[in-house]
Amino acid sequence: MLKVGVLGAGHLGKIHLRLLQQSEKYELVGFYDENQEYAQKISKEFGYKNFNTIAKLIHAVDVIDIVTPTLSHYKCARTAIKSGKHVFIEKPISNTIEEAEEIIALANEYNVKGQVGHVERFNPAFIATKSMVENPMFIETHRLAEFNPRGTDVPVVLDLMIHDIDVILSVVKSKVKNISASGVSVISDTPDIANARIEFENGCVANLTSSRISMKNMRKTRFFQKDAYISVDFLEKKCEVVKMKDAPEVPGDFDMILQNAEGVKKQIYFSNPEVQQNNAILDELETFADAINNNTTPIVTLDQATEALRVAYQIIACFKK
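These figures come from a predicted structure and were not determined experimentally.

## Quick word on the pairing of strand S3 (residues 63–66)
Step number 1: Neither face of S3 is open: one carries Val 63 and Asp 65, the other Ile 64 and Ile 66, and all of them are buried.
Step number 2: Bridge analysis of strand S1 (residues 2–7) against S3 gives four bridges, and the strand direction is parallel. Across the sheet, residue Val 6 finds its bridge partner in S3, namely Asp 65.
Step number 3: Here S3 pairs with strand S4 (residues 86–90) via four bridges, running parallel. Considered in S4, the bridge of Ile 66 is made with Ile 89.
Step number 4: Handedness of the crossover is the feature at issue here: the chain leaves S3, passes through helix H4 (residues 73–82), returns alongside S4, and the resulting connection is right-handed.

Okay, structure coming up:
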């Protein structure tokens, strides 16, 4: 079991603490939170050991789980890595591309592993369909959330859309060629609703919409590719796959057949792949433990998270134009 410590005991930090304590792959040593009065309250309520300095916690563990506000990710990661500790960092990896690149350089220099909490990669509906997503040419995402003051300190692109950016970059095996976007600030100082169009060198186009002022929650992605349409509902953890292949000579009574203007007939098949329910946050933390123990590449690497951040900032730059 790897000894782990958590930096930050806010809303998400408390979830990480609970799951790490349950995990059979980690031994939860304790946590540090900047607000020591609050930290003592958490320690008393849940029994986690509260450390009064970051240095003492880092010294006592093998892995540091950084669940602090984004602005402090770089500082926390740098301190942990320079002490030779592996780091799990909540998304986004850091506040700037320069910071993210330095985190990568430090991890390489000190020979430690890093993973970033792009949790949708571990969503069971995405896991059930990922192998079927082959060379998609059009992708559409909607990530809508009801208003919550938590998170409005950053643009909606870094808060919500970055999840979809990471998922898209993980399935499209091509470089980004062009980005256009627009955003509107409704209640915050930064955009609350945004739409982006990402064009890739291989011709794939992704259209992303994110809002944090919606009347309802929605997290859906649709992948369109040759002879297939794949729909993933990240919120309801459901998926649907519609495939087409050449129609048989003699169709059955219940076969669904489409015929185009040239007379080509295709048969449509519907399937709902089995979704194995899981706890995505626990899975991302435990696969990181496996990567450390087996010396393998983490599922969401520091480089991949930096690329997602780079695309997010290119989208934000479009707003300023």
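## Considering the pattern of salt bridges
Step number 1: Under the definition given, this model contains eleven salt bridges.
Step number 2: A salt bridge links Arg 121 to Asp 166; the nearest nitrogen and oxygen atoms lie 2.8 Å apart. Separated by 45 residues along the polypeptide, Arg 121 in the loop between strand S5 (114–117) and helix H6 (124–129) and Asp 166 in helix H7 (residues 156–171) bring together distant segments of the chain. Here Arg 121 matches Asp 166 in class, with each residue buried.

## A look at the pairing of S1
Successive side chains on a regular strand alternate, one facing one side of the sheet and the next facing the other.
Step number 1: Within S1, five of the six residues are buried, which leaves the element mostly enclosed by the surrounding structure.
Step number 2: Taken together, the six bridges between S1 and strand S2 (residues 26–32) define a ladder with parallel strand orientation. Residue pairing in the sheet places Val 4 in a bridge with Leu 28 of S2.
Step number 3: Taking the sense of rotation as the criterion, the β-α-β connection linking S1, helix H1 (residues 11–22) and S2 turns out right-handed.

## A closer look at the sheet that holds S5
Step number 1: As summarised here, the arrangement of the five strands in space is S2-S1-S3-S4-S5, forming an open sheet in which the pairing is parallel. Taken across any chain shown, the strands that pair with only one partner, and hence form the sheet edges, are S2 and S5. Across this sheet, the average inter-strand angle for adjacent strands is 20°, counted without regard to direction.
Step number 2: Summarising the sheet, S4 and S5 pair through four bridges and their orientation is parallel. Directly across from Phe 88, in S5, lies its bridge partner Gln 115.
Step number 3: Contacts from helix H8 (residues 280–294) reach S1, S2, S3, S4 and S5 within the one sheet, and its direction differs from that of S4 by about 155°.

## Quick word on the UniProt feature "domain: Gfo/Idh/MocA-like oxidoreductase N-terminal" (unreviewed entry) in the chain
Step number 1: Sequence positions flagged by UniProt for "domain: Gfo/Idh/MocA-like oxidoreductase N-terminal" (unreviewed entry) are, in local numbering, residues 2–118.
Step number 2: The span residues 2–118 carries 44% helix and 22% strand; its end-to-end C-alpha distance comes to 21 Å.

## Some thoughts on H4
Step number 1: Taken residue by residue, H4 has His 73, Tyr 74, Cys 76, Ala 77, Ala 80 and Ile 81 as its buried positions. For H4, the angular spread of buried residues about the axis comes to 165°, placing them on one side.
Step number 2: Close packing links the buried residues of H4 with S1, helix H3 (54–59), S3, S4 and helix H5 (97–109).
Step number 3: The positive-phi residue at the C-terminal boundary of H4 is Gly 84, with phi of around 80°.

## Overview of the UniProt feature "domain: GFO/IDH/MocA-like oxidoreductase" (unreviewed entry) in the chain
Step number 1: Listed under "domain: GFO/IDH/MocA-like oxidoreductase" (unreviewed entry) in the UniProt record, and renumbered for this structure, are residues 156–217.
Step number 2: As annotated, residues 156–217 comprises 26% helix and 39% strand, and the C-alpha atoms at either end are separated by 14 Å.

## Remarks on H5
Step number 1: Between its first and last C-alpha, H5 extends 18 Å over 13 residues, near the 18 Å set by a 1.5 Å rise per residue.
Step number 2: Along H5, the residues that are buried comprise Ile 97, Glu 99, Ala 100, Ile 103, Ile 104, Leu 106 and Ala 107.
Step number 3: Buried residues along H5 sit in contact with H4, S4 and helix H9 (302–320).
Step number 4: One or two residues past the end of H5 sits Asn 111, with phi positive at roughly 55°.

## Some words on the packing of H7 against H9
Step number 1: Two elements in contact, H7 and H9, have axes separated by 9 Å at closest approach and are oriented at 125°. The pairing of H7 with H9 is recorded here as oblique in orientation. Every pair of crossing elements has a handedness; the one defined by H7 and H9 is right-handed. Contact with H7, carried on its side by Val 157, Leu 158, Met 161, Ile 162, Ile 165, Asp 166 and Leu 169, involves Glu 307, Ala 308, Leu 309, Val 311, Ala 312, Tyr 313, Ile 315, Ile 316 and Phe 319 of H9 and no other residues of that element.
Step number 2: In terms of residue class, the contact of H7 with H9 is built from 14 nonpolar, no polar and two charged.

## Describing the packing of H5 against H9
Step number 1: Close contact between H5 and H9 brings their axes to 10 Å; oriented N to C, the two are set at 170°. Judged by the angle between their axes, H5 and H9 are roughly antiparallel. Counted together, Ile 97, Ala 100, Glu 101, Ile 103, Ile 104 and Ala 107 of H5 and Leu 302, Asp 303, Thr 306, Leu 309, Arg 310 and Tyr 313 of H9 form the full contact between these two elements.
Step number 2: Grouping the amino acids of the contact of H5 with H9 by side-chain chemistry returns eight nonpolar, one polar and three charged.

So, how was this worked out
Residues numbered from 1 in each chain as written. Predicted model: local features only at pLDDT ≥ 70, side-chain atom pairs only at ≥ 80, totals over all residues. Heavy atoms only, no water. Buried < 20%, exposed > 50% of the residue type's maximum accessible area, 1.4 Å probe, protein only. Helix = DSSP H or I, 4+ residues; strand = E, 2+ residues; numbered from the N terminus. Pairing = 2+ DSSP bridges. Right-handed = clockwise from strand over helix to strand, strands pointing away. Salt bridge = Lys/Arg side-chain N within 4 Å of Asp/Glu carboxyl O. Axes fitted to C-alpha atoms, helices over the stretch in contact; angles between N-to-C directions. Contact = heavy atoms within 4.5 Å. UniProt positions renumbered as here; feature names shortened; annotations may be inferred. Arc of directions from axis to C-beta. Expected span 1.5 Å × (residues − 1). Parallel < 35°, antiparallel > 145°, perpendicular 65-115°, else oblique. Left-handed = near helix turned anticlockwise from the far one by under 90°. Nonpolar A, V, L, I, M, F, W, Y, C, P; charged D, E, K, R; others polar.

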